[in-house]
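Now for the letters of each chain:
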Amino acid sequence: MGQTRALLTLCLAALASPGFAQTKPVKLLILTGDSDEPYHDWRATTGAIQEILARTGKFETRVVEEPRGLTGAALAGYDAVLINYNGPRLSAGMERSIEEFVRNGGGLIAFHLCSYGEWFGMEWRGGKWQAGPTPGWPEYPKMIGMNWAPEKISHARRWTFLAEWKDPAHPIAQGLDMQWMANDELYHKFDLMADSHVVADAFSPPEIGGTNQREPLAWVKPYGKGRVFYTTLGHDTMAFYQPGMRNLFARGIEWAATG
């Protein structure tokens, strides 16, 4: 019990540390409410994200569970938008509003289950994602800086692995340990765009279905005047319980929102 309490104390201290200078809370809008259940439970992971951010004392968050009903006015006053959703596409007007929000200087954060699905023009057939009849939301892959061909969607078996900062000088990583343990699925065989800057990666062992090479697990990129943070981690609440993941997520959101 004493060791567990000490670990939690260290984790919370890292989250509360002044990674960036700011004088007012970061206002974050979380868009959620639909996912490829039972594989990903948006209710549980949204709750985990809220807990992480609440413990830092740096964020004001609002959760919207029916994003398809939003208009562009819903984005007014927010510093960043976090996406925990891969359901049907939003209205054309709302998609344009998100693009303009980020292009004009807002932050965008997405993760894990946001790597495929209808926004990429895919549809669920025969128990797997396959190419659909439409190209999906054209700007979304450009914003998050990655594409994943449906026939390549895969990952090594879920296990605990060592993650490492590839760019320890980046503001997200500054002051944190060079390596940390992750308990998650390590995605592979996706394509990053040229302006995606990898800040963390991990080795994918071939003996458990991996690629025998280091795979990106977190990156940042510009979109207009805005900043985007993306991580392939975040499968479930166990993934978010890891101290390193909590630091990565809190720092990544804060960086995307404030620069």
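Criteria and cut-off values
Residues numbered from 1 in each chain as written. Predicted model: local features only at pLDDT ≥ 70, side-chain atom pairs only at ≥ 80, totals over all residues. Heavy atoms only, no water. Pairing = 2+ DSSP bridges. Helix = DSSP H or I, 4+ residues; strand = E, 2+ residues; numbered from the N terminus. Axes fitted to C-alpha atoms, helices over the stretch in contact; angles between N-to-C directions. Contact = heavy atoms within 4.5 Å. Expected span 1.5 Å × (residues − 1). Buried < 20%, exposed > 50% of the residue type's maximum accessible area, 1.4 Å probe, protein only. Arc of directions from axis to C-beta. Salt bridge = Lys/Arg side-chain N within 4 Å of Asp/Glu carboxyl O. Parallel < 35°, antiparallel > 145°, perpendicular 65-115°, else oblique. Nonpolar A, V, L, I, M, F, W, Y, C, P; charged D, E, K, R; others polar. 1 Å grid on protein atoms, 1.4 Å probe; cavity = no way out; pocket = protein on both sides within 12 Å on 5 of 7 lines; lining within 4 Å. Points joined across faces, edges and corners; volume = space filled by probe spheres on them.

Colleague: Is there a simple way to explain the sheet that holds strand S13 (residues 197-204) in this structure?
Modeller: Within a beta sheet, neighbouring strands are joined by backbone hydrogen bonds and run either parallel or antiparallel to one another. Read across the sheet, 9 strands follow the order S2-S1-S3-S4-S15-S14-S13-S9-S10 without closing on themselves; strand pairing throughout is mixed. Two strands in the sheet have a free side with no partner beyond their single neighbour: strand S2 (59-64) and strand S10 (179-184). Averaged over neighbouring strand pairs, the angle between their axes works out to 25 degrees when direction is ignored. With 6 bridges connecting them, strand S9 (residues 159-165) and S10 associate as antiparallel partners. Bridging across to S10, phenylalanine 161 finds its partner in alanine 182. In the packing of helix H6 (residues 243-258) onto the sheet, contacts are made with strand S1 (26-31), S2, strand S3 (80-83), strand S4 (107-111), S9, S10, strand S14 (213-223) and strand S15 (226-231), and the angle to S15 comes to roughly 165 degrees.

Colleague: Is there a simple way to explain the pairing of strand S6 (residues 128-131) in this structure?
Modeller: Every regular strand shows the same layout, with side chains that alternate between the two sheet faces. Of the pairings in the sheet, the one linking strand S5 (residues 122-125) to S6 comprises 4 bridges and is antiparallel in character. Within the sheet, the bridge partner assigned to arginine 125 lies in S6 and is lysine 128. The antiparallel hairpin formed by S5 and S6 contains 2 residues in its connecting segment, where glycine 126 sits at a positive phi of about 60 degrees.

Colleague: Honestly, helix H2 (residues 42-56) in this entry has me stumped. Any pointers?
Modeller: Since the α-helix advances by 3.6 residues per turn, residues separated by three or four positions end up pointing in the same direction. If you check H2, its first and last C-alpha atoms are 22 Å apart, about what 15 residues at 1.5 Å a residue would give, namely 21 Å. Turning to H2, its buried residues are Trp42, Thr45, Thr46, Ala48, Ile49, Ile52, Leu53 and Thr56. With its buried residues spanning 160 degrees around the axis, H2 presents them on a single face. Away from the buried face of H2 by more than 90 degrees, exposed residues Arg43 and Ala54 are located.

Colleague: Is there a simple way to explain the pattern of salt bridges in this structure?
Modeller: Here the idea is simple: oppositely charged side chains can pair when their charged atoms come close. Within the structure shown, the criterion is met by 11 salt bridges. Residues arginine 55 and glutamate 51 are paired through a salt bridge, measuring 3.3 Å at the closest nitrogen-oxygen approach. Linking arginine 55 with glutamate 51, this pair stays in helix H2, spanning 4 residues, or about one helical turn. On the basis of relative accessible area, arginine 55 is assigned to the partly exposed category, the value being 40%. Among the residues examined, glutamate 51 registers a relative accessible area of 36% and is labelled partly exposed. A single salt-bridge network, built from bridges that share partners, covers Glu51, Arg55 and Arg246.

Colleague: Is there a simple way to think about the packing of H2 against H6 in this case?
Modeller: For any two helices packed against each other, one specifies the inter-axial angle together with the distance between the axes. The N-to-C vectors of H2 and H6 enclose an angle of 75 degrees; their axes lie 10 Å apart at closest approach. By the angle between their axes, H2 is roughly perpendicular relative to H6. Residues Ile49, Glu51, Ile52, Leu53, Arg55 and Thr56 of H2 lie in contact with H6, whose contacting residues are Arg246, Phe249, Ala250 and Ile253. A per-class count over the contact of H2 with H6 returns 6 nonpolar, 1 polar and 3 charged.

Colleague: When you look at the pairing of S14 in this model, what are you seeing that I'm missing?
Modeller: For S14, the buried fraction is high: 8 of the 11 residues fall into the buried class. As paired strands, S13 and S14 are joined by 7 bridges and run antiparallel to one another. Bridging from a neighbouring strand, valine 198 pairs with tryptophan 219 of S14. Bridge analysis of S14 against S15 gives 6 bridges, and the strand direction is antiparallel. Note on S15: the bridge partner recorded for tryptophan 219 is tyrosine 230. With antiparallel pairing between neighbouring strands as the criterion, S14 and S15 make up a hairpin whose turn holds 2 residues, including glycine 224 at a positive phi of roughly 60 degrees.

Colleague: Can you help me understand the layout of surface pockets in this one?
Modeller: Empty pockets left among the atoms are what a rolling probe the size of a water molecule brings to light. The computed volume of the largest pocket comes to approximately 260 Å³. Asp36, Tyr116, Trp129, Ile153 and His155 are, among the 15 residues lining the largest pocket, the residues nearest its centre. Looking at the lining of the largest pocket residue by residue, the class counts come to 8 nonpolar, 4 polar and 3 charged. One number sums up the size of the second largest pocket: a volume of about 220 Å³. Considering the residues around the second largest pocket, the lining is formed by 11 residues, among which Asp177, Gln179, Trp180, Gly244 and Asn247 are closest to the centre. Looking at the lining of the second largest pocket, the elements that each hand over two or more residues are S10 and H6. Grouping the amino acids of the lining of the second largest pocket by side-chain chemistry returns 6 nonpolar, 4 polar and 1 charged.

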